[in-house]
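Observations on the three-dimensional arrangement
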Amino acid sequence: MRRRKNRFLLFCCSLMPGAGEMYLGFMKMGASLMVSFVLGITFAGFSGLGILSVIPMVVWFYSFFNSNNMGGLTNEELNNIEDNYLFLGRDGEDSFKAFMAGKYRKVIAVVLILVGCSMLWAVLCDALYDIFGDEWFSKYFYYISRMLRFNVPRIIIGIVIIWFGVKMILGKKAEIDKLEDKEETYISIESEKKDE
């Protein structure tokens, strides 16, 4: 049974994404927000795409206001809220496994492989720099290294974002087409009934 907590301590905890929810007893929700915040910062920093820094900011604001709003609920209202992982649905681990086994599995696998290759390339470039020194590295390898370390990951992430956007638009269009077909079928059935 969850009880209302000290509002000042809740405010202090809510300054760190997920900690306010954890203070209120919502461990799964709090852990989801913390992981989302840290992954958002990591992804934005690694990709070099400044626009992605909006993601951790949105997670921070959501967590701050969500925890403070939940702190204002009565004990009964607080007990009626179910503690679930934020992005996995009610089944938690099962929905994550279903997502990973779904139609985006190959895309996620390719992105992970490319990110891993990019990280290995960065380590290799650092090792070559340490072994051969600045003069050799900058003369023969610097421009190729820079392109592969910084530009290729940005290009890959950009392509993946565009691909997801196109899939979302096409999926929405297919959904609208299905609804229109159902409406036309319903209208034709209703008109046949009237004719009889």
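See the structure above.
Read on for a plain summary of the structure.

1. Notes on the overall build of the protein chain
- When its secondary structure is counted, the protein chain shows 7 helices and 0 strands.
- The helix and strand sequence of the protein chain, counted from the amino end, reads α-α-α-α-α-α-α.
- By the burial criterion, 22% of the 196 residues in the protein chain qualify as buried.
- Sequence separation of at least 24 residues holds for 59% of the intrachain contacts in the protein chain that already meet a minimum separation of 6.

2. So, a nonpolar patch on the surface
- A cluster of nonpolar side chains, namely Met57, Phe61 and Phe65, defines an oily patch on the protein surface of about 320 Å² accessible area.
- Tracing the chain through its elements places Phe65 in helix α4 (residues 54-71).

3. Considerations on the packing of aromatic side chains
- If you walk through the whole model with that rule in mind, you get 5 aromatic pairs.
- Seen in terms of ring centroids, Phe11 and Phe64 are 5.8 Å apart; in terms of plane orientation they differ by 75 degrees. Their pairing is edge-to-face. With Phe11 in helix α1 (residues 7-13) and Phe64 in helix α4, this residue pair connects regions lying 53 residues apart in the sequence.
- Using a relative accessible area of 13% as the deciding quantity, one classes Phe64 as buried.
- Their ring planes at 90 degrees and their centres at 5.0 Å tell us that Trp60 and Phe61 sit as a pair that is edge-to-face.
- By relative accessible area, Trp60 is classed as partly exposed at 23%.
- Linked through ring pairs, Phe11, Trp60, Phe61, Phe64 and Phe65 together constitute an aromatic cluster.

4. Some remarks on the nonpolar core
- Counting residues in hydrophobic clusters, the biggest one holds 9 residues: Leu10, Leu24, Phe26, Met29, Leu33, Phe37, Val59, Met70 and Leu78.
- Where this core is concerned, the elements lending two or more residues are α3 (27-47) and α4.
- Looking at this core, the element that brings in the most residues is α3, giving 3 residues.
- With residues near it in sequence (within four places) discarded, Met29 still touches Glu21, Asn66, Met70, Glu82, Asp83 and Asn84.

5. What to know about the side chain of Ser14
- Looking at where Ser14 falls in the secondary structure, it is placed in the loop between α1 and α2 (19-23).
- For Ser14, a relative accessible area of 0% puts it in the buried group.
- From its side chain, Ser14 meets the backbone oxygen of Phe11 in a polar contact 2.8 Å long.
- Setting aside its immediate chain neighbours within four residues, Ser14 contacts Gly20, Phe64, Ser67 and Asn68.

6. Let's talk about α4
- In this model, α4 (18 residues) spans 26 Å end to end at C-alpha, consistent with the 26 Å of a helix rising 1.5 Å per residue.
- Along α4, the residues that are buried comprise Pro56, Val59, Ser63, Phe64, Asn66, Ser67, Asn68, Met70 and Gly71.

7. Digging into the side chain of Glu21
- When you line up the elements, Glu21 lands in helix α2.
- Of the polar contacts made by the side chain of Glu21, one reaches the side chain of Asn66; its length is 3.1 Å.
- Excluding its chain neighbours within four sequence positions, the residues that come into contact with Glu21 are Phe26, Met29, Gly30, Leu33, Ser63, Asn66 and Ser67.

8. Considering the environment of Leu33
- Inspection of the secondary structure puts Leu33 in helix α3.
- You can call Leu33 buried: its relative accessible area is 1%.
- Separated by 52 residues in sequence, Leu33 and Tyr85 have C-alpha atoms that sit 8.7 Å apart.
- When residues no more than four places from it in sequence are discounted, the contact partners of Leu33 are Pro17, Gly18, Glu21, Val59, Tyr62, Ser63 and Leu86.

Cut-offs used in this document
- Residues numbered from 1 in each chain as written.
- Predicted model: local features only at pLDDT ≥ 70, side-chain atom pairs only at ≥ 80, totals over all residues.
- Heavy atoms only, no water.
- Helix = DSSP H or I, 4+ residues; strand = E, 2+ residues; numbered from the N terminus.
- Buried < 20%, exposed > 50% of the residue type's maximum accessible area, 1.4 Å probe, protein only.
- Contact = heavy atoms within 4.5 Å.
- Patch = residues over 30% accessible without salt bridge, like charges linked within 9 Å, V, L, I, M, F, W, Y side chains within 5 Å.
- Areas by Shrake-Rupley, 256 points an atom, 1.4 Å probe, with all protein chains shown as cover.
- Salt bridge = Lys/Arg side-chain N within 4 Å of Asp/Glu carboxyl O.
- Phe/Tyr/Trp six-rings, centres within 6.5 Å; stacked < 30°, edge-to-face > 60°.
- Core = buried A, V, L, I, M, F, W, Y, C linked by side-chain atoms within 4.5 Å.
- Polar contact = N/O pair within 3.5 Å; in protein donor to acceptor, adjacent residues only side chain to side chain.
- Expected span 1.5 Å × (residues − 1).

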